[in-house]
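Here is how the chains run, residue by residue.
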Amino acid sequence: MKKTIISATVAAITAMLAITSCELESSGNGNLDGYWHLERVDTLATGGVKDLSEDLYFWAFQGKLLDLVNRNWTTSECLARFLQSGNTLTISSPFRYDRMGGDEPLETPELLQPYGINNIEEKFIIESQSGSKMTLKSEMLRLFFRKL
């Protein structure tokens, strides 16, 4: 009987700590957090449309870090900082991801361009965002995402 009470108390304390720790780890990014598949890029100046729905370009937001990943492994993985303020999203301080050799700060945007980012610091307007879809617009491009 005594062991049952102790076991129940330990289980209750563990459950309370698990719930509390989940709340403490919240980033405050709302719907932005998560893994977004870049499915289409429109060029604003020309009206051009590039369908990327079969390609595997992803933006992954967590905390204040953006991970840019290509699951086809045709481009380098990059990391960047981001700041969301109202309907503005600013991407800055990009690095080429290299865990073994040390992440290398980017000085030019070439590695970022396949992900729809054309500058070392890029500002986007969040035109629309729901739990499953997002549209971002920069000076040159409109990016369409689906959340996984």
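Our structure's up above, just so we're on the same page.
Residues numbered from 1 in each chain as written. Predicted model: local features only at pLDDT ≥ 70, side-chain atom pairs only at ≥ 80, totals over all residues. Heavy atoms only, no water.

S.K.: I tried to follow the nonpolar core on my own but got confused; where do I start?
M.R.: The nonpolar side chains of a soluble globular protein tend to be buried, and buried together. Core analysis: the biggest nonpolar cluster contains 26 residues, and Trp59, Phe61, Leu89, Ile91, Leu136 and Leu143 have the highest contact counts within it. Setting aside its immediate chain neighbours within four residues, Leu136 contacts Trp59, Leu89, Phe124, Ile125, Ile126, Leu141, Arg142, Leu143 and Phe145. (Core = buried A, V, L, I, M, F, W, Y, C linked by side-chain atoms within 4.5 Å. Buried < 20%, exposed > 50% of the residue type's maximum accessible area, 1.4 Å probe, protein only. Contact = heavy atoms within 4.5 Å.)

S.K.: I tried to follow the environment of Ser138 on my own but got confused; where do I start?
M.R.: Tracing the backbone shows Ser138 in the loop between β9 (133-137) and β10 (141-147). We classify Ser138 as buried; its relative accessible area is 5%. A sequence separation of 94 residues divides Ser138 from Leu44, and the C-alpha atoms of the two residues are 9.0 Å apart. Those residues in contact with Ser138 that lie beyond four places of it in its chain are Leu44, Glu122, Lys123 and Phe124. (Helix = DSSP H or I, 4+ residues; strand = E, 2+ residues; numbered from the N terminus.)

S.K.: Where do I start with the pattern of salt bridges in this structure?
M.R.: Taken as a whole, this structure holds five salt bridges when the rule is applied. The salt bridge partner of Glu104 is Arg96, with a shortest N-O separation of 3.0 Å. Overall, Glu104 belongs to the partly exposed group, its relative accessible area being 40%. One continuous salt-bridge network, built from bridges that share partners, spans Arg96, Asp98 and Glu104. (Salt bridge = Lys/Arg side-chain N within 4 Å of Asp/Glu carboxyl O.)

S.K.: Sorry, what's going on with the side chain of Glu122 here?
M.R.: Looking at where Glu122 falls in the secondary structure, it is placed in strand β8 (residues 122-129). No salt bridge is formed by the buried Glu122. Its closest oppositely charged neighbour is Lys123, at 10 Å. There is a polar contact of 2.6 Å between the side chain of Glu122 and the backbone nitrogen of Asn118. If near-sequence neighbours (up to four positions away) are discounted, Glu122 is found in contact with Leu89, Thr90, Ile91, Ile117 and Ser138. (Lys, Arg positive; Asp, Glu negative; His and termini not counted. Polar contact = N/O pair within 3.5 Å; in protein donor to acceptor, adjacent residues only side chain to side chain.)

Such coordinate-based values are descriptive only and should not be taken to indicate function.
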